[in-house]
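# A look at the structure
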Amino acid sequence: MQETFDFLSFSDPNVRLVVLGTMILGASSALVGAFAFLRKRALVGDAIAHAILPGVCLSFMISGSKNPFLLILGAFMSGWLGLLLIDAIQRTTKLKSDAAIGIILSVFFGLGILLLTGIQHNGNAAQAGLDKFLFGQAAAMSRLDIYVFAGIGLLLMIVILTFYKAFKLVSFNPDYAKVIGLPVKGLEILLSTLTVLAVAVGIQAVGVVLMAALLITPASGARFWTDKLGLMIFIATVFGAISAFLGSYVSYVAPSMPTGPWVVMFLSIITVASIWFAPKRGLSYRLKTQRANKRKILIENILKVFYHLGEKSEDFEKGRNIEQLMKSRGMREEEWNGGLKRLLRKNLVRRKADRWIITQQGLIEAQRIVRLHRLWEMYLNQRLKLEPDHVHNDAEAIEHIITPELEKQLEKELDHPIRDPHKSKIPYAN
Amino acid sequence: MKSSQIAIETHNLTVSYNRRPVLWNIDFSIPQGQIIGIIGPNGSGKTTLLKAIMGLVPLSSGYVKVFDQELEEVRERISYVPQRETVDWDFPASVMDVVLMGRYRKGNIIKRLSKLDRELATEALEKVNMLEYSQRQISQLSGGQQQRVFIARSLAQGADLYIMDEPFVGVDAATEEAILNLLSEMKKAGKTVVVVHHDLQTAKDYFDWIVLLNTRLVAVGPKKEIFNESLLQEAYGGKLNVLSKVGDLMKEKGFPIRENRK
């Protein structure tokens, strides 16, 4: 409890610094990653992250220190080397990008682990903490580290905002950008450089292994909330920052916990929640509309039963008991009960003892559905030249989705037909 | 043709993919102020020719001049309408966002767009009858509407030479008519329009000039000179056997198309 309080109050300047630094790392990685996501280069980010490890190790072996400038320089160089090799493999062999990415990722990472193991067994006292690059340990950052990394993070944000328009066009339609004379190659190199830099500093927070998540997951989640690019990038950045905040909190309260996995956990929770809850694109929204559609179909089908029975007996107002109703349409009893209850609530049917009676309002609605059904049959028969015995099943589905505008158009195009292809009367209002 | 009247000149243009030439020694000049159709059977290199003209694919030999100048000098006077399927329409952007891209320039790429840019984009949307959709997300458009958005983007650019790749493919009748009206308007305004098109039937009605292509140039000229039985037979009667076999060999053996080039 005391720790939580210490953390949240930011009374410890050291905590303040670590948290702020981690948040800038999370935000800038998410920002850069949004463009990798839009350009469908998600896996390239992963390859770069792994390709950086040997660079970090080599630069430590040569300099013997953990100076952040030198480590970033090494990381940057081996990250870029990995990128160039991925390109070269695709150009000179017939291997496709997924294979090239897979090769570079595993070869560089393997090499990095070898070097790291070598360093650790060397007994060099300064090496302590180098293995934090695997899973990230925000708290292990020194004051200088944080200044350098946060500075680079801010620089990334400024560059992205400056070239926002150009990056947008290059991500959407690079050929067009080339034709109007934009330096597309240069912009692509700039974007790649930003990605390598973001990875080089981001691994402090989440580590090599999980860096791809910090690049790609925020944008993937943000995409569910909006169709506007600017807003999407903003949301992704906020997701990145929040997760970094929460992740560094956990590793502050429980110092044995690595920061990276926790940041990624929080990111994943945010993203899964986005996939589920986001309006329109979210799964729960889609399930909800599906359920609403099912309900609409059910009650409309029941109203039709009342209409058909009334049509046959020439008495629409007559009460029907559940057995009669069930005989006319094969639906399960609980469907009948649920549907009738819903109709009762909407005042489209009423109940008298064990009999159900369609109300005036219900009859109008039932007429509308039957009308749409028969109009559609007519349309299929006349326009698509389908035989009368082929049109019913199609109309059973289409009757539920035709809008009033489409209905008017149908009536006009068919010149207000009186009877459908089966010679049944088409019921018009009044 | 005087060089001042030439819109595009290609000289001995050869383009290869994986060393196999897909265009052989294309050599022609087409005039300004006309609507020019590039036609030929599937796989005849129509799109590749467009890309070569715009510098989007490397040339194995030859050169291209536009308005009698090097391509790089006149880029801002050239506008490109790519095939619809070449972009991801699920990209987070509105119709207006895409049309505004037509106002991007090398010179304003780190600046904000001006009010004039927005007005020109609005005007372009109006010309293709899409103004009411300006805030719509592009993934919600029909194929014909997507095509019109691309054309509006190109119009917003205010170029002199318009290069369109298959604008009539998969569009509704309303879009087709809108595009045709635009073409004749552009011609009146003295613009040059080059259109890749695969349908012989309609080509006769749409274009003034025709470039007839089948991996090599079959014929180029005003349409009444081109639409005759023997030329069409030559273009659509299949590839030249020896030519495509030599192409296969070059790919297989890795030979260059010119002895003294890389």
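A brief structural summary. Note that the coordinates shown come from a computational prediction; the quantities given were computed from them, not determined experimentally.

Conventions and cut-offs
- Residues numbered from 1 in each chain as written.
- Chains lettered and ligands numbered in written order.
- Predicted model: local features only at pLDDT ≥ 70, side-chain atom pairs only at ≥ 80, totals over all residues.
- Heavy atoms only, no water.
- Helix = DSSP H or I, 4+ residues; strand = E, 2+ residues; numbered from the N terminus.
- Buried < 20%, exposed > 50% of the residue type's maximum accessible area, 1.4 Å probe, protein only.
- Contact = heavy atoms within 4.5 Å.
- Areas by Shrake-Rupley, 256 points an atom, 1.4 Å probe, with all protein chains shown as cover.
- Lys, Arg positive; Asp, Glu negative; His and termini not counted.
- Charge placed at Lys NZ, Arg CZ, Asp CG, Glu CD.
- Rg over C-alpha atoms; globule rule 2.2 N^0.38 Å.
- Pairing = 2+ DSSP bridges.
- Salt bridge = Lys/Arg side-chain N within 4 Å of Asp/Glu carboxyl O.
- Patch = residues over 30% accessible without salt bridge, like charges linked within 9 Å, V, L, I, M, F, W, Y side chains within 5 Å.
- 1 Å grid on protein atoms, 1.4 Å probe; cavity = no way out; pocket = protein on both sides within 12 Å on 5 of 7 lines; lining within 4 Å.
- Points joined across faces, edges and corners; volume = space filled by probe spheres on them.
- Nonpolar A, V, L, I, M, F, W, Y, C, P; charged D, E, K, R; others polar.

## Focus: the overall build of chain B
Within chain B one finds 10 helices and 9 strands. For chain B, the C-alpha atoms occupy an extent of roughly 55 × 40 × 40 Å along the three principal directions. Looking at chain B as a whole, 53% of its 262 residues are labelled buried. When contacts within chain B are restricted to residue pairs at least 6 apart in sequence, those whose partners lie at least 24 apart make up 72%. Just so you have it, chain B exposes about 12,200 Å², and 46% of that area is on carbon and sulfur atoms. Considering chain B, the positive charge centre built from 34 side chains and the negative charge centre built from 32 side chains are found 4 Å apart.

## Some remarks on the overall build of chain A
Looking only at helices and strands, chain A features 19 helices and 3 strands. Relative to the compact-globule value of 22 Å for 430 residues, chain A shows a C-alpha radius of gyration of 32 Å, a clear excess of over 25%. The principal-axis extent of the C-alpha atoms belonging to chain A is close to 100 × 60 × 35 Å. By the burial criterion, 49% of the 430 residues in chain A qualify as buried. For chain A, the share of sequence-separated contacts (at least 6 apart) that also reach a separation of at least 24 residues comes to 70%. Charged side chains in chain A number 49 positive and 34 negative. The centres of these two groups are separated by 3 Å.

## Things to note about the sheet that holds strand E2 (residues 349-352) of chain A
All names here are of chain A. Strand order across the open sheet formed by 3 strands is E1-E3-E2, with antiparallel pairing between neighbours. Here the strands that pair on one side only, and so sit at the sheet edges, are strand E1 (320-321) and E2. Strand direction decides the pairing type here: E1 and strand E3 (residues 355-358), joined by 2 bridges, are antiparallel. Bridge pairing in E3 links Arg-320 to Trp-356.

## Looking at the pattern of salt bridges
Enumeration according to the criterion identifies 25 salt bridges over all chains in this entry. The residue Arg281(A) makes a salt bridge to Asp90(B) at a minimum N-O spacing of 3.1 Å. Placement of Arg281(A) in the loop between helix H13 (259-277) and helix H14 (283-313) and of Asp90(B) in the loop between strand E5 (78-81) and helix H3 (95-100) is noted, with the two residues assigned to different chains. Overall, Arg281(A) belongs to the partly exposed group, its relative accessible area being 24%.

## Notes on the side chain of Ser59(A)
Locating Ser59(A) in the fold gives a position in helix H3 (residues 42-63). The exposure class assigned to Ser59(A) is buried, which follows from its relative accessible area of 11%.

## Some thoughts on the environment of Leu83(A)
Residue and element names in this part refer to chain A. With respect to the helices and strands, the residue Leu-83 is situated in helix H4 (residues 68-92). Taking the C-alpha atoms as reference points, Leu-83 and Lys-423, 340 residues apart in sequence, are found 71 Å from one another. Those residues in contact with Leu-83 that sit more than four places away from it in its chain are Val-44, Ile-48, Ser-192 and Val-196.

## Regarding a positive patch on the surface
All names here are of chain A. Together, Lys-288, Arg-291, Arg-295, Lys-341, Arg-345 and Lys-346 line one region of the surface with positive charge. Mapped onto the positive patch, the elements with two or more residues apiece are H14 and helix H16 (333-345). With 3 residues, the top contributor of residues to the positive patch is H14. Residue placement: Arg-295 occurs in helix H14.

## Topic: empty space enclosed by the protein
Unfilled space is identified by rolling a water-sized probe across the atoms. Residue and element names in this part refer to chain A. Evaluation of the coordinates by the stated rule reveals 1 cavity of 30 Å³ or more. One number sums up the size of the largest cavity: a volume of about 40 Å³. Breaking the lining of the largest cavity down by element, the ones donating at least two residues are H4 and helix H10 (184-206). Residue contributions to the lining of the largest cavity peak at 4 residues, all from H4. Counted by class, the lining of the largest cavity contains 9 nonpolar, 1 polar and no charged residues.

## Looking at the pairing of E3(A)
Residue and element names in this part refer to chain A. As judged from the 4 bridges shared by E2 and E3, these two strands associate in the antiparallel manner. Looking at the pairing, Arg-350 lines up with Ile-357 of E3. The hairpin turn running from E2 into E3, its antiparallel successor, is 2 residues long, and Ala-353 in that turn takes a positive phi close to 55 degrees.

## Some thoughts on the environment of Ala212(A)
Residue and element names in this part refer to chain A. Tracing the sequence through the fold places Ala-212 in helix H11 (residues 211-223). The exposure class of Ala-212 is buried, given its relative accessible area of 15%. Along the backbone, Ala-212 and Ile-48 are 164 residues apart, and their C-alpha atoms lie at a distance of 8.7 Å. When sequence neighbours within four positions are dropped, the list of residues in contact with Ala-212 reads Asp-46 and Thr-217.

Such coordinate-based values are descriptive only and should not be taken to indicate function.
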